[in-house]
Amino acid sequence: MTVVELAVYAFLLGAAAVAVWRRPVVALYLFVIGLALHNAAMAALYAAGVRGTTLTAITAWKEILLAVALVQVATRAVRERRLPFRPGVPDWFALAFALLALAYAVVPQSVLGGEAGRRAVALALRHDLVPVGAYFLGRSLRLGRRDLYRLGWTLLGTASFVAALGLVDVYTVSIGWWRTNGVVDYFHLHLGYDYHGTGENPKVAGLPENFVYNVGGDRPFLRRLVSTFLSPLASSYLFVVTLVGVAGVLRRPKPGVLALSAVTAAGLLWTFSRSALLALAVGLVVLAALRRRPHELIAAAAVVGVAFAWAHVFPRIAPTGNWTRADLAYQHRLARQHPGASGSAVSPNEPSLHEHWSSLRAGVRTIVDHPQGYGLGNVGQTASRTNTPLRAGESNYTELGVELGVLGALLWIGWAIALLVALLRAGRQDRWAGAIAAAFAAILALAIQTDVIGDPWVAYCVWGIGGSLALVGTRPARAGLEERLAPAARVT
């Protein structure tokens, strides 16, 4: 059966690779759609019996297609003896960050005080370099108006589909099905995560903790929208980017766009991610400042109001589920370890909020105490997957600082700010660039308290599309805005 599976995979991947080689912009479409479905598809394959190196090879489709696109761009640049873009400040920051990550990959862990093994280092290097690769792919693409519209509709269609499927799931599919459908084993046995959410028993781990919302005590938990991402947070990132993008691009009401946006907004609410709602408000504020349109500032204020109101409303209307006996025993142990914790979503003692800010403060202290960094693989998801002692978690800024030292954190922050500034400048002339600038600002706000680039959809799509639109003033003179918005899309 493995031979058949690999043959089918090779055929599909080969067809996608040919399409990407012919037009590297196709990679962006495949990333937008494919990465939204990736986790659900891989968990389904695991449940169907596809395991080990076969499944690992299949999960690598995204890295392979990114590599194909970058090789095609590099080959054309060598053949034409010129870069496809004029290097700017964001490019130099991205290159310096990538070189530093590569240097840390070869420095012995013992020199830095880290304890990560080779697998952890490799996973961390991929984590850090994927946004760089996606960004330089975007920088090498010249998107015409036709591609921009197609990407916009692809993004909105994908987000509304993910939202609709998730909304149906939380009200019609029992949590018991999720406990036994292969998701737990995929996360635990294949990826290496040791989750302790609902469904845990003495023999296996449980679902991810954020799969549901714990209101405290022995009361039923609240179901959150996880959809094809198998994560409320990853789903919310897609929804935030989409909604900010629609707000930035849409000039006049269109029934189809408004209907799909409404479904996407409902999906965002049902993820019950307060940080995502506040990030949406950040994106709208950036749009208001860029366009100098007061109605977007009013919308941002309304979103903040909805975020606080929804924290009170959602527990009353959310679908619920019941803990297992093993779940309750684990919850009671946690309650004894953290007395005074509150299940209220607006309480400062709510465990999730408390953990985010405690991790952020601890990460900053670690950077100050160990400014050279502990090396790749000692933080975040990578450390969790490889049983490496965790030196920092939650925030992209502190994780990268603890891994790559103060210099790594400064390069990352410098790159993020330089790219945001480039997008904002481009956004003064191009509404598409302005929309992505606002969405990128929202993602950078989320990165304060979570590892956004640990979500492949964000790492590939946001950095890729962001790179493709931060163009004004950094292209060769003959590739001005008018040419970039020409009907035909091409790579130079």
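Use the structure listed above.
Residues numbered from 1 in each chain as written. Predicted model: local features only at pLDDT ≥ 70, side-chain atom pairs only at ≥ 80, totals over all residues. Heavy atoms only, no water.

Novice: Give me the lowdown on the overall build of the protein chain, citing residues and values where you can.
Specialist: Summing up its helical and strand segments, the protein chain has 21 helices and 5 strands in all. What you see for the protein chain is a C-alpha radius of gyration of 22 Å, in line with the 23 Å of a compact globule of 492 residues. Principal-axis analysis of the C-alpha atoms gives the protein chain an extent of 65 × 55 × 55 Å. The buried share of the protein chain, reckoned over its 492 residues, is 55%. Partitioning the contacts of the protein chain with sequence separation of at least 6, the portion at a separation of at least 24 is 77%. (Helix = DSSP H or I, 4+ residues; strand = E, 2+ residues; numbered from the N terminus. Rg over C-alpha atoms; globule rule 2.2 N^0.38 Å. Buried < 20%, exposed > 50% of the residue type's maximum accessible area, 1.4 Å probe, protein only. Contact = heavy atoms within 4.5 Å.)

Novice: Describe the packing of aromatic side chains, and please don't skip the residues or the numbers.
Specialist: Tallied over the full model, the rule gives 25 aromatic pairs. Aromatic side chains Phe-85 and Phe-136 sit 6.2 Å apart centroid to centroid with 25 degrees between the ring planes, which places their arrangement in the stacked category. Placement of the pair is Phe-85 in the loop between helix H4 (61-80) and helix H5 (89-106) and Phe-136 in helix H7 (residues 118-139), with a sequence separation of 51 residues. Note on accessibility: Phe-85 and Phe-136 belong to one class, buried. An aromatic cluster is present here, built from Phe-85, Phe-97, Tyr-135, Phe-136, Trp-412, Trp-415, Phe-440 and Trp-463 joined pairwise through their rings. Over the face of the ring belonging to Tyr-374 we find Arg-391, whose NZ or CZ atom lies 4.2 Å from the ring centre. (Phe/Tyr/Trp six-rings, centres within 6.5 Å; stacked < 30°, edge-to-face > 60°. Lys NZ or Arg CZ within 6 Å of the ring centre and 35° of its normal.)

Novice: Requested: an account of unusual backbone geometry, with residues and values cited.
Specialist: If a residue is not glycine, its phi is most likely negative; likewise, a peptide bond is most likely trans. The backbone of Leu-230 sits at a positive phi, close to 60 degrees, despite the residue not being glycine. Following the sequence through the fold, Leu-230 ends up in the loop between strand E3 (221-223) and helix H11 (232-249). With relative accessibility at 3%, the residue Leu-230 sits in the buried group. At Arg-292, a position not held by glycine, the phi torsion is positive, near 55 degrees.

Novice: Break down a nonpolar patch on the surface for me, with residues and values.
Specialist: On the surface, Val-4, Val-8, Phe-11 and Leu-12 cluster together into a nonpolar patch covering about 420 Å² of accessible area. As for its position among the elements, Val-8 is in helix H1 (residues 2-22). On the basis of relative accessibility, which here comes to 47%, the residue Val-8 falls in the partly exposed class. (Patch = residues over 30% accessible without salt bridge, like charges linked within 9 Å, V, L, I, M, F, W, Y side chains within 5 Å. Areas by Shrake-Rupley, 256 points an atom, 1.4 Å probe, with all protein chains shown as cover. Salt bridge = Lys/Arg side-chain N within 4 Å of Asp/Glu carboxyl O.)

Novice: Any chance you could break down the sheet that holds E3 for me, citing the residues and the numbers?
Specialist: Spatially, 3 strands are ordered E2-E3-E4 in an open sheet, and the strand pairing comes out antiparallel. Each having just a single partner strand, strand E2 (212-213) and strand E4 (320-321) make up the two edges of the open sheet. Relative to E4, E3 runs antiparallel, the two being bridged by 2 bridges. Directly across from Phe-221, in E4, lies its bridge partner Gly-321. (Pairing = 2+ DSSP bridges.)

Novice: Mind laying out the pattern of salt bridges, listing which residues take part and the relevant values?
Specialist: When the charged atoms of two side chains lie near each other, side chains of opposite charge can form a pair. Applying the stated criterion across every chain yields a total of 9 salt bridges. Residues Glu-63 and Lys-62 are paired through a salt bridge, measuring 3.6 Å at the closest nitrogen-oxygen approach. The salt bridge involving Arg-82 is made with Glu-80; its shortest N-O contact spans 3.6 Å. Judged by relative accessible area, which is 28%, Arg-82 ranks as partly exposed. Connected via shared salt-bridge partners are Lys-62, Glu-63 and Arg-126.

Novice: Mind laying out H7, listing which residues take part and the relevant values?
Specialist: Taking 1.5 Å of rise per residue, the 22 residues of H7 would be expected to cover 32 Å, and the 31 Å separating its terminal C-alpha atoms lies within 8% of that figure. Leu-129 marks the point of greatest bend in H7, at about 35 degrees, and the proline Pro-131 comes within the next four residues. The buried fraction of H7 is high, at 17 of 22 residues. (Expected span 1.5 Å × (residues − 1). Bend = angle between axes of the 7 residues up to and from the residue.)

Novice: Which residues make up a positive patch on the surface, and what are the values?
Specialist: Together, Arg-145, Arg-251, Arg-252 and Lys-254 give the surface a local cluster of positive charge. Relative to the helices and strands, Arg-145 is located in helix H8 (residues 145-172). (Lys, Arg positive; Asp, Glu negative; His and termini not counted. Charge placed at Lys NZ, Arg CZ, Asp CG, Glu CD.)

Novice: Lay out the layout of surface pockets in plain terms, naming residues and giving numbers.
Specialist: Considered as a void within the structure, the second largest pocket measures approximately 480 Å³ in volume. For the second largest pocket, the lining is made up of 22 residues, of which Tyr-149, Gly-152, Gly-245, Val-249 and Trp-432 are closest to its centre. Ranked by residue count, the leading element in the lining of the second largest pocket is H8, at 7 residues. Residue composition of the lining of the second largest pocket, by class: 15 nonpolar, 3 polar and 4 charged. (1 Å grid on protein atoms, 1.4 Å probe; cavity = no way out; pocket = protein on both sides within 12 Å on 5 of 7 lines; lining within 4 Å. Points joined across faces, edges and corners; volume = space filled by probe spheres on them. Nonpolar A, V, L, I, M, F, W, Y, C, P; charged D, E, K, R; others polar.)

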